[in-house]
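Here's the letter readout for the chains.
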Amino acid sequence: MARALQATRGSWKKGDSRRTSWDEDERQGDVDVVWGTKIMARALQATRGSWKNRRNEKEGWKPSRRVNVAARAVLTPGRTQGKQQERRESVKKCRLITAIKTPYLNNGKFDLEAFDRLVEMQANQGVEGIIVGGTTGEGQLMSWDEHIMIIAHAVNNYGNQMKIIGNTGSNSTREALHATEQGFAVGMHAALQINPYYGKTSEKGLITHFQAVMDEGPCIVYNVPGRTAQDITPRVVEKMAEHPNFLGMKECTGNERISNYAAQGITCWSGNDDEAHDARHQAGATGVISVTSNVVPGVFAKLMAEEDGELATKVAPLANWLFREPNPVGINTLMAMTGLVKPVFRLPYVPYSKELREEGVRILNDLGLDSVPGVTEVRAMEDEEFTILSRY
């Protein structure tokens, strides 16, 4: 992947004058890369087997290139510090950001036509940004080639309509840096960064890790101890907030924590759909990074724009049903039931049971199908209608 991007944008090795991190773009002139999906796919195809090539290069042999990758870069005048800050602030003002679902074809590859329909629906319903390749988008099941390609596709097609935030975090600082460099090279507005999970580190290690990735460009930091088994404590967050590229927190520990951050001027987005309304209107959150808004974006846009306890209560059963099993199982199941995506699952995810699906039909009908753009029917479906893939 790096080789393909180098062929189109130049090297991004540390110290290289052509390096394409976000801050370098700001100093040397903003580079907007216009890559069509076909060009990106060709680039990815050209770099398959890169591990073998990388080993051969270390031994002094460089493979010949068989595919020429074309790209068009538009150079605009360099931005001032004020312009950099304006760009950061534009992300920090987003009230509703959807953690977008990644749809699949029957063979498990990306269904880009369905992806485009989903993103267009989000834009038309007032969503201001999307997280691409997050937990909901199953970035954890993607190769990095796939991951960067879908970010590039989103930027190329929708970067002028909404903020594209790529989930380029990793429990390996080296991988997080590499992916984040690539994400900014293809034009994402900001990165979503997770704290190192499983192989946990110390508070000092957390701070050093996040400072390294924030050096690449604007970042939202994601705190979800239920998945990482490690809380990003206020002490760590307050230290990170000193970095100019720290945009704020996606916070899943509750509204009390959000309220404390808001009092210090630290931007927060709720990571809990069932608490998002109160987080926005009572705890001082800027908004929410939402899963439920994949299916009811207009409802969540309204909840973020104005206080409406009655509407929040009405949508709560749907939000709770979506998390009856670990995300993204619920949203994958519901979007298949509504026909928004093909009923294709990449393992280890499998659909809800028939009993739970029938409950979901009742909940969505009670809420009203007019809340789900483009959907006129929701079905519980039969088990055999789902495709579950272990290889893709």
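Residues numbered from 1 in each chain as written. Predicted model: local features only at pLDDT ≥ 70, side-chain atom pairs only at ≥ 80, totals over all residues. Heavy atoms only, no water.

## Topic: unusual backbone geometry
Only a minority of non-glycine residues have a phi that is not negative, and only a minority of peptide bonds are not trans. For clarity, the cut-off: Secondary structure elements are defined from DSSP: runs of H or I of at least 4 residues count as helices, runs of E of at least 2 residues count as strands, and each element is numbered from the N terminus. Only protein chains enter the calculation, and the probe is 1.4 Å; a residue is then buried if its accessible area is under 20% of its type maximum, exposed if over 50%, and partly exposed in between.
Asparagine 327 connects to proline 328 through a cis peptide bond whose omega is 15 degrees. With respect to the helices and strands, proline 328 occurs in the loop between α15 (309–322) and α16 (329–337). Backbone geometry at tyrosine 198 places phi at a positive 65 degrees, although glycine is not the residue there. Phi at methionine 381 takes a positive value of approximately 65 degrees, unusual for a residue other than glycine. Along the polypeptide, methionine 381 turns up in the loop between α17 (354–367) and β12 (387–389). The exposure class assigned to methionine 381 is buried, which follows from its relative accessible area of 5%.

## Some remarks on the pattern of salt bridges
Keep this limit in mind: Salt bridges are identified by distance alone: a Lys or Arg side-chain nitrogen within 4 Å of an Asp or Glu carboxyl oxygen.
By the definition in use, this model includes 12 salt bridges. Among the ionic pairs, glutamate 89 bridges to lysine 92, the shortest N-O distance being 3.5 Å. Taken as a pair, glutamate 89 and lysine 92 lie in helix α5 (residues 81–92) at a separation of three residues, close to a single helical turn. Among the residues examined, glutamate 89 registers a relative accessible area of 26% and is labelled partly exposed. In this structure, the salt-bridge partner of lysine 342 is aspartate 111, at a minimum N-O distance of 3.2 Å. Of the two residues, lysine 342 is situated in the loop between α16 and β11 (344–346) and aspartate 111 in the loop between β3 (96–99) and α6 (112–124); the sequence distance between them amounts to 231 residues. On the accessibility criterion, lysine 342 (34% relative accessible area) is partly exposed. Residues participating in the shared-partner salt-bridge network are Lys354, Glu358 and Glu382.

## Notes on the packing of aromatic side chains
Centre-to-centre distance and the angle between the planes together describe a pair of aromatic rings. We apply this condition: Within 6.5 Å between ring centres, the rings of Phe, Tyr and Trp (the latter by its six-membered ring) count as paired, and their orientation is classed by plane angle as stacked under 30 degrees, edge-to-face over 60, tilted in between. We call a charge positioned above a ring when the Lys NZ or Arg CZ atom is no farther than 6 Å from the ring centre and deviates by at most 35 degrees from the ring normal.
Within the structure shown, the criterion is met by three aromatic pairs. Between tyrosine 104 and phenylalanine 110, the ring centres sit 6.4 Å apart and the planes meet at 25 degrees, which makes this aromatic pair stacked. Overall, the relative accessible area of 10% leaves phenylalanine 110 in the buried class. Seen from the ring of tyrosine 222, lysine 250 lies directly overhead, with NZ or CZ sitting 4.0 Å from the centre.

## A look at α17
This is how the line gets drawn: The length a helix should cover is 1.5 Å for every residue beyond the first.
If you check α17, its first and last C-alpha atoms are 20 Å apart, about what 14 residues at 1.5 Å a residue would give, namely 20 Å. For α17, every residue scored as buried is listed here: Leu356, Arg357, Gly360, Val361, Ile363, Leu364 and Leu367.

## Some details on the sheet that holds strand β7 (residues 219–223)
Our working rule: When DSSP finds two or more bridges between two strands, those strands count as paired. An axis is simply a line fitted to the C-alpha atoms; with a helix, the fit covers only the stretch in contact. Between two such axes, the angle follows the N-to-C directions and lies from 0 to 180 degrees.
Pairing is parallel around the closed barrel formed by eight strands, whose spatial order is β3-β4-β5-β6-β7-β8-β9-β10. The sheet shows a mean angle of 25 degrees between the axes of neighbouring strands, direction not considered. Pairing analysis gives three bridges linking β3 to strand β10 (residues 287–290), with the strands arranged parallel. Within β10, the residue paired with isoleucine 97 across the bridge is isoleucine 289.

## Considerations on the nonpolar core
The condition is simple: In this description, a nonpolar core means a group of buried Ala, Val, Leu, Ile, Met, Phe, Trp, Tyr and Cys residues linked to one another through side-chain atoms lying within 4.5 Å. By the convention used here, residues are in contact when the closest approach between their heavy atoms is within 4.5 Å.
By size, the foremost hydrophobic cluster in this structure holds 90 residues, and its most contacted members are Met240, Met249, Val295, Val296, Leu318 and Leu334. Considering each element in turn, this core owes the most residues, eight residues, to helix α7 (residues 144–158). Discounting residues that sit within four places of it in the chain, methionine 240 has contacts with Phe210, Met214, Val221, Ile232, Phe246 and Met249. Judged by nonpolar contacts, the second largest core, of 16 residues, contains Cys94, Ala99, Leu192 and Ile220.

## A closer look at the packing of α16 against α17
Rules: What sets the label is the angle itself: under 35 degrees gives roughly parallel, over 145 gives roughly antiparallel, 65 to 115 gives roughly perpendicular, and the rest give oblique. The handedness criterion is simple: a crossing whose near helix is rotated anticlockwise from the far helix by less than a right angle is left-handed, and one whose near helix is rotated clockwise is right-handed. Residue classes follow a fixed rule: Ala, Val, Leu, Ile, Met, Phe, Trp, Tyr, Cys and Pro count as nonpolar, while Asp, Glu, Lys and Arg count as charged, and any other residue, Gly among them, counts as polar.
Where α16 meets α17, the closest approach of the two axes is 11 Å, and the angle between their N-to-C directions is 70 degrees. As judged from the angle between their axes, α16 and α17 are roughly perpendicular. Here the hand of the crossing between α16 and α17 comes out right-handed. Mapping the contact onto sequence places Thr333, Leu334 and Met337 in α16 and Arg357, Gly360, Val361 and Leu364 in α17. Considering only residue class, the contact of α16 with α17 consists of four nonpolar, two polar and one charged.

## So, helix α8 (residues 173–185)
For α8, which comprises 13 residues, the first-to-last C-alpha distance of 18 Å matches the rise-based estimate of 18 Å (1.5 Å per residue) to within 8%. Every buried residue belonging to α8 is among Ala176, Leu177, Ala179, Thr180, Glu181, Gln182, Gly183, Phe184 and Ala185, and all of these are buried. Looking at the residues trailing α8, positive phi occurs at glycine 187, about 105 degrees.

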